[in-house]
Structures are given as structure tokens and as C-alpha cells.
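Each chain, written out:
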Amino acid sequence: MDMHSEFLALRKKIIEAEFSRMNDRQRQAVLATQGPLLVLAGAGSGKTTVLVNRVACILKYGAAYESDAVPSGLTAEDLSYLQNCLAQRSFGDERLRELLAVDAPPSWALLAITFTNKAAGEMKSRLEQMLGEQALDIWACTFHSACSRILRREIDKLELGYSRSFTIYDTDDSLRVLRECCRDVAGDDRNFANKTALPAISRAKEQNMSPAAFEAAASGDYRLQKIASVYYKYQQALRQANALDFDDMLRLTVMLFEKNPDVLDHYARRFRYVLVDEYQDTNPVQYQLISLLAGGHQNLCVVGDDDQSIYKFRGATIENILSFEKQFKHARVIKLEQNYRSTSAILGVANAVIANNTGRKSKKLWTENPDGDPVKVRRFEDEATEALFIANTILENVKDGMKFADQAVIYRMNAQSGPIEKAFVRMGIPYRIIGGHRFYDRMEIRDLMAYLCVINNPGDNLHFTRIVNAPKRSIGSATMAAVQQIAEQTGQTLYEVFLHCQEYEYFSKKTARIESFMHFMEHMRELRTEILPHELIRTVMEESGYLASLGDDEEAKSRKENLSTLISNAADYEKNADEPTLEGFLEEAALMTDIDNYDGQADTVVMMTIHAAKGLEFPAVFIAGMEEGVFPGQSVMIYPEQLEEERRLAYVGITRAKRKLNLTCAGSRMLFGATVRNRPSRFLDEIPNNLKDAQDMRPHFERPQPRRAAPAAPIRLERPGVSRPVQSKAVFAPGDTVGHGTFGRGMVLSAKTMGGDTLLEIAFDTCGTKKLMANFARLKKL
DNA sequence: AAGCTAAGCGTTTTT
DNA sequence: CGCTTAGCTT
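Quick look at the structure, then. (Residues numbered from 1 in each chain as written. Chains lettered and ligands numbered in written order. Predicted model: local features only at pLDDT ≥ 70, side-chain atom pairs only at ≥ 80, totals over all residues. Heavy atoms only, no water.)

**Quick look at the overall build of chain A**
When helices and strands are counted, chain A shows 32 helices and 21 strands. Buried positions account for 52% of the 782 residues belonging to chain A. Within chain A, contacts between residues separated by at least 24 positions form 74% of all contacts whose residues are at least 6 apart in sequence. Within the structure as shown, chain A displays about 36000 Å² of accessible surface, and the carbon and sulfur contribution to it stands at 50%. (Helix = DSSP H or I, 4+ residues; strand = E, 2+ residues; numbered from the N terminus. Buried < 20%, exposed > 50% of the residue type's maximum accessible area, 1.4 Å probe, protein only. Contact = heavy atoms within 4.5 Å. Areas by Shrake-Rupley, 256 points an atom, 1.4 Å probe, with all protein chains shown as cover.)

What follows is the structure in C-alpha cells.
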């Protein structure tokens, strides 16, 4: 064999050896770095590892695995050096890399798009472990961060009137702007903005439809035309405020690339390799963006699982993944079907449920894992009993050596968390809820962020309106209406009108107040570049009088605490950023979410929706509320086509579990103030009997039992943990003095009847106010 | 302009 | 059932 072919064979062997801890298909997906590749990765198939290794492989060896190129001046000594590396399995050093790499890009030449910031962070830290510090500069981020980074540099080239200091509007902000735009068009129709216009415009933007295109498509349909005119106004309002909503960030980037081939060329050259995770959840604009960037070199790898597509409701199109092979010619497809996560029992259940969907890419997960416990299916009288069962089982698991943090309770909607929370409090189980309210959704945080937005971008009318009278400056709706009118007539921003208020007769009585406010704002604008963001926040909240206006009660205390957290968040940002700016902090805050803070360190049970649980795994999983009307939800009755998405959601939920899975439902539950009786979910029926351990725990009299010779031992559930209290107990009323074993003496502040029990709010003499359930708290009337 | 009360309404959620 | 918001009152 000549030296060249010997070298080529050796190079392949070495690169393969570095990724030898994976199965064949996984390794293929890592090594096939050239050309389009679709990885259909089933749940728990080691997708994250493949992605991380693939990025590492590209950064280290580039096209080497598939290339015939041989380094010039190759010597026999080089070959024996490589042989030695292979024998010792040492792949770390620089000389080896120099000998092997072909066209290995500098680290920043790679774009890895993930679904959440958290996934991006995880990828980076795993790469850091593998490759050391040098891997830090890759663009591993979400679509939105990538676009915003590009737009911050290039938005002027769009020539649409946006400037680099643009504000990012979140959904809430967008909705407010939209409501304003609907007022003239839809008059008193209150739901129009929320339910009709917002989804329609959002869908349009996800398809990269401009207002004009939308109007053209509306041809003759009165309702659609109405929406089109709102869309025009909305876009205009955003542009005037120099603000982008989340959809704009993607759309405008695509527009930028289409308008400026040289800009596209620059980024396409820069991102010589593009990877997209969770491809089944991408929408048409995202597809456009990817095909623009990767269209030339075609080094595009997408990873996804059509069975886990659960974001159709917000514009994700499963088409992207189903027709990838048509859109990218010569695409390779690799299926990862071996599951490493779950027991065989759990996987069997997942397969059985998802098999009821049609129109999937054929794929069947298998595992070498042991059978494990059968999946438990339980039905209870009501949601409180269900919650108690979950709490009790968690405690049993802990007794068996599991940690709290190994267990997760997941559900279809956030509204289901209440009863479970209550049971956890009662049983002393530490828990955390992910989702629901975001830190940046709190009123005081939004207020302060609004100040910062205006300081950064005075044209931001929306946020200006929010802060102009917070704290109270006697600038009410009448004044604002007048200002709005002047602004519209003169084409100025609200900020500008206020700045020149002395020119208008109307404000004569208020000039002093307005001027002092504007003077303050102008001063802050000057400070913006002189001091750090966290100092600016402190200055704003103190000198605007906002802090003082909060007052001094308990609520104010917690608000002030949140504001301090905001300051420390800003300080954290400054620490991590290369070049901290106000703009940068605002951007990070806009793109940050609750789940990004979830560290999984503390030993607590985690509660979240199934959507939030995607991508996570736990040894024990409880899925609560497996009922018709809850999961699948009510809307399936009206829109049957949504059923398959619900089933995929069930599939995602089931496949979160590694060892133990409990599916529970309640015969009746309180939902939105009314008690509803639900049948067990059809998804439970779809599980073959031999795979489940099913029992109905409702009392016999509730259920007319069909007569059978030998009843299949419908076992009555022993009430979990504490036995159910007798109903006739001491009744507590506000004003009563009570005694508690641990908390001592206290006074009842309020009493609320809840199910068969009473929730008492009690002010204890020594340890503050606590909420307790009367029947469980072992209280004595004093 | 600001505070209070009645009415209405409710998925899932990432940016 | 609990929260937000609109509209009404002072």
C-alpha cells in the first residue's frame, strides 16, 4: 500500500476511534459532515450527544473524514506518529490535528441553532469539556439570537427606517400595540385583537407574508381585509417605534438577505456549516433562513423527530422535516431508533400510543434496556385525591432511595399545578414550578425595563406610555390622548412631543411636571453610555421616584427584592459580556426565559407542562390529568385534526420517563370554577393491557360495576399517606385564636372552603402568616 | 385623575 | 375559581 492510501485509511480510523463510544448510526451522523443530512432522532436516542460530537468533529477535522486530500510533504515519520496516537487513543494534540484536518473552519464559522437558550448553553459547556476553551466562540444559539445579532449590525441596509438601537417587543408588548391598531378598524369587538388578528398576523409573519401579500391573498374576504388593514397599521406602529416583534426578527433577516446578496454571501461564507436542532418545530421563515444560509455549500444538518412535533399551534410546520429530502437534493437520512433512556415497558407504551397517528415517517424505537416496572395507570375520585396519590408515591420513591429531583410531575396546562402544589405543601415535599410566570413578566420588572427601553430607544411609544405616569405624575388618559393626537399630526414620537411641551398651549398647567420628567429622562440618556447597565437601573429606580412610590407594605418588599434581583441580573450580564451595553442587556432580557434558569441542582420535585418538559428526562415521571377534555384538550372535540398533535404531546410526555411512569386521571375535577366529570383519556385505552398496571381507585358506589362472576379484583386504594379526615371537625372562622404543634399560637385571618376541607390563613405570633388546610394542620381552638 | 367595582374569560409557548 | 380589564364613580 502506498503512503497516501495508508494515510487516508489511518485518518478514517483515528477519527472513528475518537467517536467510538457511540453506535454505528450515531457515529455516521457525526462523521458525515459534508452535504445535507437529516437525522431522524427518536426520543432518548442520544440526539444531544450526536449534535455535540458532530460540532466537535467539524471544528476539529472539518471535511477530513470524507476527503481524499492528503497533506503535502507527508513523511513516514508522520504516519508512525499517527499510528502511535491511534494505539494510545490520544486525540488531543495539535500536531495530530494539523495532520488530519481538512478545511476545518475556525470556531466561529459554524452556526448551531437550538430551540432554547438553555440547549445552546448546554451544548457550549459540553463542547468546552471536549475541546477546551477554544470552542467558546461558536454561534450556538436560538434562531432569534442569531437574527438579532445579525440585525444589530446590518439593519440599516434594509432601508426601512429601523435603526440599530431597536427594541425587541415580546408577545405582551406586541399585543398592546395591536390592540391600539384594532381600535379604529374593529371598534367595539373586544376579542378581535386577541383571538382573530394576533394569530392571523402571527401566522402570516411565520410564512413571511408582508401586509401587502396578506392583503392580496385576502381578495374579497371582508374579514381578512379587516385583518390586513390592522396588519398594515401594526407594522407601521412598530416601525415608528423602532421596534421588532419576535416574528419580525426572523422575517427581516430573511428580507435583508434577499435584498442584499452581498450581506447574505458574507454570512453564508462565514457559516460554512449549519446545524439545526428540533427541526420538526421550525416554521416556513426559519426554513427560508436556513436555505438561504446553507443553499450554497449545502453543509446543513437538521435533527428532529416528527413524532415530537408539538408546536404546530404556533406555526411550526411538520412539512419542513417531511420534505427535507425533496428540498435538499442528495440529502442523506440517518434514523436513530435505539432508545437509551427508558425501560422497555415505558417505550412499549410510547410506541403503542404514537402508532395511532397517521402520516409519520416510519420509525419504531427499540431498546436493550430491561423491562422495568409496568406503567401504572390510576383513576381517582377527584383532582385532590389524584394529587395526594402523586405526593404519596413520590415519598415512597424517596424511601426507596430516589431523590426528589429525580421525579417530575407534568401536565397539559399550567392550571393543573394548583391541587398538586397543595398536596406537596401538605406532605412536606419540596417542589419547583417551571413556567407559568416569568421573572420579566412581573409588574415592577416590566416597569423598570420599560424605562430602560425608552432610554435606549426614545421612539418606543409603547414603553413610554407605560412609564410616563409610573410613578404618578398626574399625566392621565386625557393628557395622553392629546399628546397622541399631536404626535400623529406632526409625525413626532410621544417622547418628542413631551420634550417640546412648552410649545403647546394645552400643557400650560402641567409644563413644570412634564419638563422635570423629561429632564430626568434626557439626563438618563446621557448616562446610558457613561455608566454600566446595573448602575443605570439603580439610578433610574431611585431618581425617578419609582422605588419610593412602591410604598412599604409586604408586597412592596417583595417587589423591591425583585428589583434588586434585576440589578444583580444586569451585573451578571456585564460579567459575561465582552462589551456590556444597555442594548445588549435589554436584548438578553427579552430573549431570556424561565427554563433558562432551571439548573436542576436543588433536590426538589419539578412541576411543569409537557411542552416545557421537552428535551428533559427524569427517572420517575407522573403525568396528571389523563382525561378527555384535559388531555386531549377540549378543543379536540371541535377541531378533530388537533388530535394527532395532542397524541404527539402524550408521546413526548411518556418518553420523558426513564424508569417509572405513572399516568393518573380524576373522575371529576374543578376547572375554571366549575366541576367537570371527565372520562379517562383515550390515550390510556390505546395502551395494550399487558403493558399497563391499571386500577380504578374511585369508591365503588361511584361506579356502576358490570356484574361478573369473578370480579378482576378492583382494588380499593388505601388513601395515600394520611387517612382521609372525618368531615365533621372543628370549624374555624376568621378571628378565632388557634394553637398549632409547630407554629404555636395564631389568629385565623381567613377561611376558604375547598372541596371537603377549609384553607385557613393564620397569622402566627412567632412565625408570620401561613396558609394551612384545616383538616390536616392539627389545629386546636383556643 | 385615580380608585373602585362588576363583568368576563380562560390551552399548550418559544423567542 | 382567580385574574385582568373596562367602565363607572368620586
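**Describing a nonpolar patch on the surface**
A cluster of nonpolar side chains, Met637, Ile638 and Tyr639, forms an exposed patch at the surface whose accessible area comes to about 330 Å². Checked against the element boundaries, Ile638 lands in helix H30 (residues 635–638). (Patch = residues over 30% accessible without salt bridge, like charges linked within 9 Å, V, L, I, M, F, W, Y side chains within 5 Å. Salt bridge = Lys/Arg side-chain N within 4 Å of Asp/Glu carboxyl O.)

**Things to note about helix H22 (residues 477–490)**
The terminal C-alpha atoms of H22, which comprises 14 residues, lie 20 Å apart, in line with the 20 Å expected from a rise of 1.5 Å per residue. Every buried residue belonging to H22 is among Thr479, Met480, Ala482, Val483, Ile486 and Ala487, and all of these are buried. Axial view of H22: buried residues confined to an arc of 160°, hence all on one face. Counted as exposed and oriented over 90 degrees from the buried face of H22: Ser477, Ala478, Glu488 and Gln489. Residues of H22 that are buried in the fold lie against helix H21 (461–467) and helix H23 (494–499). Gly491 sits one or two residues past H22 and shows a positive phi near 70°. (Expected span 1.5 Å × (residues − 1). Arc of directions from axis to C-beta.)

**Structural notes on helix H19 (residues 417–427)**
Residues Ser417, Ile420, Ala423, Phe424 and Met427 constitute the buried set of H19. Along the long axis of H19, the arc covered by the buried residues comes to 130°, so they all point the same way. At its buried positions, H19 is contacted by helix H18 (383–399), strand S10 (407–411), strand S11 (431–433) and strand S12 (605–609). Positive backbone phi, at 70°, marks Gly428, one or two positions downstream of H19.

**Some thoughts on the side chain of Glu278**
Topologically, Glu278 is positioned in the loop between strand S6 (273–276) and helix H14 (284–294). We classify Glu278 as buried; its relative accessible area is 10%. Among the polar contacts listed, one links the side chain of Glu278 to the side chain of Lys47, at a separation of 3.1 Å. Glu278 has contacts with Lys47, Phe115, Val303 and Lys614, leaving out every residue within four places of it along the chain. (Polar contact = N/O pair within 3.5 Å; in protein donor to acceptor, adjacent residues only side chain to side chain.)

**Thoughts on the packing of helix H17 (residues 344–354) against helix H31 (residues 643–654)**
Relative orientation of the contacting elements H17 and H31 amounts to 175°, with a least axis distance of 9 Å. It follows that H17 is roughly antiparallel to H31 by the angle criterion. Contacts from Ile346, Val349, Ala350, Val353 and Ile354 in H17 reach Arg647, Arg648, Ala650, Tyr651 and Ile654 in H31. Taken together, the residues of the contact of H17 with H31 break down into eight nonpolar, no polar and two charged. (Axes fitted to C-alpha atoms, helices over the stretch in contact; angles between N-to-C directions. Parallel < 35°, antiparallel > 145°, perpendicular 65-115°, else oblique. Nonpolar A, V, L, I, M, F, W, Y, C, P; charged D, E, K, R; others polar.)

**A few points about the packing of helix H20 (residues 443–456) against helix H24 (residues 511–527)**
Running from N to C, H20 and H24 point in directions that differ by 70°, and their axes come no closer than 9 Å. One way to sum up the angle between H20 and H24 is to call them roughly perpendicular. Along the contact surface, H20 presents Tyr451, Val454, Ile455 and Asn456, while H24 presents Phe517, Phe520, Met521, Met524 and Arg525. Looking at the contact of H20 with H24 residue by residue, the classes come out as seven nonpolar, one polar and one charged.

**A word on the pattern of salt bridges**
Oppositely charged side chains can pair when the atoms bearing their charge come close. Tallied over the full model, the rule gives 45 salt bridges. The shortest N-O distance in the salt bridge between Glu18 and Lys60 comes to 3.0 Å. Taken together, the residues Glu18 in helix H1 (residues 3–18) and Lys60 in helix H3 (residues 47–61) connect sequence positions 42 residues apart. Arg446 is the salt-bridge partner of Asp173, the closest N and O atoms lying 3.1 Å from each other. On the criterion of sequence distance, the pair formed by Asp173 in helix H8 (residues 171–186) and Arg446 in helix H20 is long-range, its members being 273 residues apart.

**So, the pairing of strand S9 (residues 375–382)**
Burial analysis of S9 places six of its eight residues in the buried class, which makes it a mostly covered element. By the bridge criterion, five bridges tie S9 to strand S16 (residues 692–696) in an arrangement that is parallel. Within S16, the residue paired with Val375 across the bridge is Lys692. Sheet topology places S9 next to strand S14 (residues 657–671); six bridges connect them, and they run parallel. Paired with Val377 across the bridge in S14 is Leu663. (Pairing = 2+ DSSP bridges.)

**Focus: the packing of aromatic side chains**
Going through the model one piece at a time under the given rule, you end up with 20 aromatic pairs. Relative to Phe324, the ring of Tyr279 has its centre 5.9 Å away and its plane inclined at 85°; by these criteria the two rings are edge-to-face. Here Phe324 lies in helix H16 (residues 324–327) and Tyr279 lies in the loop between S6 and H14, a separation of 45 residues in the sequence. Each member of the pair, Tyr279 as well as Phe324, carries the same accessibility label: buried. Every member of this aromatic cluster is reached through a ring pair, and the members are Phe464, Tyr495, Phe498, Tyr504, Tyr506, Phe507 and Phe517. Across from the ring centre of Phe166, 3.9 Å away, lies the NZ or CZ of Arg152, which sits over that ring. The side chain of Lys614 reaches across the aromatic face of Phe115, ending 5.4 Å from its centre. (Phe/Tyr/Trp six-rings, centres within 6.5 Å; stacked < 30°, edge-to-face > 60°. Lys NZ or Arg CZ within 6 Å of the ring centre and 35° of its normal.)

Geometric descriptors of this kind do not, in isolation, establish any biological role.
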